[in-house]
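Single-letter residue listing:
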Amino acid sequence: MKIILLGAPGAGKGSQAKLMVDTYQIPQISTGDLLRTAKAAGTPLGLEAQRYMDAGLLVPDEVVIGLVRERLAQPDCQGGFILDGFPRTLPQAEALARITDIDRVLSIEVAPEVIIGRLTSRRSCQKCGQVYNLVSYPPRTAGVCDSCGGELYLRDDDREETIRKRFETYEAQTRPLIQHYRDQGLLLTVQGGDTVEETFSRARPLLDACR
Ligand code: AP5
């Protein structure tokens, strides 16, 4: 199964992707995670990406398309994948269509006021990347990852001013993809305002029907 997850920042793409990985045994490809890994490693690509990410802007298309093309060529993607955070612009969607076909696009819809609260209370593990939420999914010990004992941190782009900019960027550059994929007959929509598990229980039958 080849799936794209669409949704505003904080809509829960990463959280749904984790459940989909377990259920369908296909890898999650998060361009945000790939870029944060490059940033943490201090590679030239990572340092360039950091400027855009910290400002709530999109990293240039050619950079992200190159990363995704490389990742999709890996053997673990041959049986399918979940694209989390890609494509985010029409040129990215067009480039993806030249790389591979897609089975379904799942758009996760959540009200903006819910999302701001989610993002300011998100904490991520420095070491393994596990994502927590101080309100809906807190770690057992404050500041410490349950899985690996790593330190939890607030992402640089999860500060309120940057979140607002990320929303503007989403509305201007990414939301048009919903219509793009609807026109292609690939779009599925799920309300994502309830818990992670409730959202997945609504998404799963839609996805199962496409297998
Ligand atoms: P990226 O990392 O992709 O960020 P994003 O799209 O803004 O999405 P998030 O990771 O913030 O949220 P999410 O929807 O995955 O939600 P999550 O499940 O974590 O991208 C970061 C930056 O990289 C971009 O701004 C851009 O600069 C660059 N970039 C990335 N891809 C790019 C591309 N293709 N082109 C150009 N630039 C690109 O959930 C959020 C929080 O809410 C968590 O704490 C979670 O525990 C909680 N939560 C989730 N679901 C629920 C729920 N149902 N109920 C309660 N809490 C919930």
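Our structure's up above, just so we're on the same page.
Counting of residues starts from 1 at the beginning of each chain's written sequence and follows it residue by residue. Local features in this predicted model are restricted to residues whose pLDDT is 70 or higher, and side-chain atom pairs enter the listing and the counts only when it is 80 or higher, whereas totals over whole chains, interfaces and linings include all residues. Only hydrogens and water are set aside; all other atoms, that is, all heavy atoms of the structure, feed into the side-chain values.

A. Spatial organisation of the overall build of the chain. Helix and strand assignments come from DSSP, with helices taken as H or I runs of at least 4 residues and strands as E runs of at least 2, each series counted from the N terminus. Along its length, the chain carries 9 helices and 8 strands. On C-alpha atoms alone, the chain measures out to a radius of gyration of 16 Å, which is about the 17 Å that the 2.2 N^0.38 rule sets for 211 residues. Expressed along its principal axes, the backbone C-alpha trace of the chain runs to roughly 45 × 40 × 35 Å. Residue burial is assigned from relative accessible area. The probe radius is 1.4 Å, only protein chains are included, and a residue is buried under 20% of its type maximum, exposed over 50%, and partly exposed in between. Residue burial in the chain is summarised as follows: out of 211 residues, 47% are buried. Note that the radius of gyration is over C-alpha atoms, with the globule rule given as 2.2 Å times the number of residues to the power 0.38.

B. Quick peek at the side chain of Asp84. Relative to the helices and strands, Asp84 is located in strand β3 (residues 81-84). A residue counts as positive if it is Lys or Arg and as negative if it is Asp or Glu; His and the chain ends are not included. We define a salt bridge as a contact between a side-chain nitrogen of Lys or Arg and a carboxyl oxygen of Asp or Glu at a distance within 4 Å. It is Lys13 that comes nearest to the buried, bridge-free Asp84 among opposite-charge side chains, at 5.1 Å. Looking at Asp84, its side chain comes within polar contact range of the side chain of Gln28, at 2.8 Å. Residues contacting Asp84, with those up to four places away along its chain left out, are Leu5, Lys13, Gly14, Ala17, Gln28, Ile29, Ser30 and Thr31. For the purposes of these results, a polar contact is taken to be a pair of N or O atoms within 3.5 Å, where, inside protein, one atom must be able to donate a hydrogen and its partner to accept one; residues adjacent in sequence count only when each atom of the pair is a side-chain atom. Contacts were defined at the residue level, with two residues in contact if any of their heavy atoms lie within 4.5 Å.

C. Structural context of unusual backbone geometry. Omega for the bond connecting Phe86 with Pro87 falls within 30 degrees of zero, at -5°, which places this linkage in the cis form. Along the polypeptide, Pro87 turns up in the loop between β3 and α5 (90-99). Even without a glycine there, the phi angle at Gln25 is positive, about 55°. Assignment of secondary structure puts Gln25 in the loop between α1 (13-24) and β2 (28-30). By relative accessible area, which is 66% here, Gln25 ends up exposed.

D. Focus on the sheet that holds strand β6 (residues 131-133). Any two strands between which DSSP finds at least two bridges are classified as paired. Strand order in the open sheet made by the 3 strands is β6-β5-β7, with antiparallel pairing throughout. Either end of the sheet is taken by a strand with one partner, and the two such strands are β6 and β7 (152-153). When strand β5 (residues 122-125) meets β7, the two strands line up antiparallel, connected through 2 bridges. Within the sheet, the bridge partner assigned to Cys125 lies in β7 and is Leu152.

E. Quick peek at the sheet that holds strand β8 (residues 187-191). The strand order across the open sheet formed by 5 strands is β2-β3-β1-β4-β8, and the pairing between neighbours is parallel. Two strands close off the open sheet at either side, each with one partner strand: β2 and β8. Here the average twist between neighbouring strands, direction ignored, is 25°. In this sheet, strand β4 (residues 104-109) lies alongside strand β1 (residues 2-7) in parallel orientation, the contact comprising 5 bridges. Bridging from a neighbouring strand, Ile4 pairs with Val105 of β4. Sitting on the sheet, helix α8 (residues 176-183) touches β1, β4 and β8, and the angle it makes with β1 is about 145°. A fitted line through C-alpha atoms serves as each axis, taken over the contacting stretch for helices, and the angle formed by two N-to-C directions is quoted from 0 to 180°.

F. Molecular detail of helix α6 (residues 112-120). By the burial criterion, the buried members of α6 are Ile115, Ile116 and Leu119. Seen end-on, α6 carries its buried residues on one side only, within an arc spanning 100°. Where α6 is buried, its residues meet β5 and α7 (160-174). Summarising the geometry, the arc corresponds to the directions from the helix axis toward the C-beta atoms.

G. Local environment of the site of the ligand. Neighbouring residues are identified by heavy atoms, a residue being near a molecule or strand if any of them is within 4 Å of it. Around the ligand sit 35 residues in total, of which Ser15, Leu57, Arg88, Arg166 and Asp194 are the nearest. Separating an oxygen atom of the ligand from a backbone N or O atom of Leu57 is a distance of 2.6 Å. Within the side chain of Gln92, one N or O atom sits 2.9 Å away from a nitrogen atom of the ligand. Going through the elements one at a time, α1, α2 (31-41), α6 and β6 are the ones with two or more residues in the shell around the ligand. No other element matches α2, which puts 4 residues into the shell around the ligand. For the shell around the ligand, the per-class residue count stands at 14 nonpolar, 12 polar and 9 charged. For this scheme, ten residues count as nonpolar: Ala, Val, Leu, Ile, Met, Phe, Trp, Tyr, Cys and Pro. Four count as charged, namely Asp, Glu, Lys and Arg, and the remainder, Gly too, count as polar.

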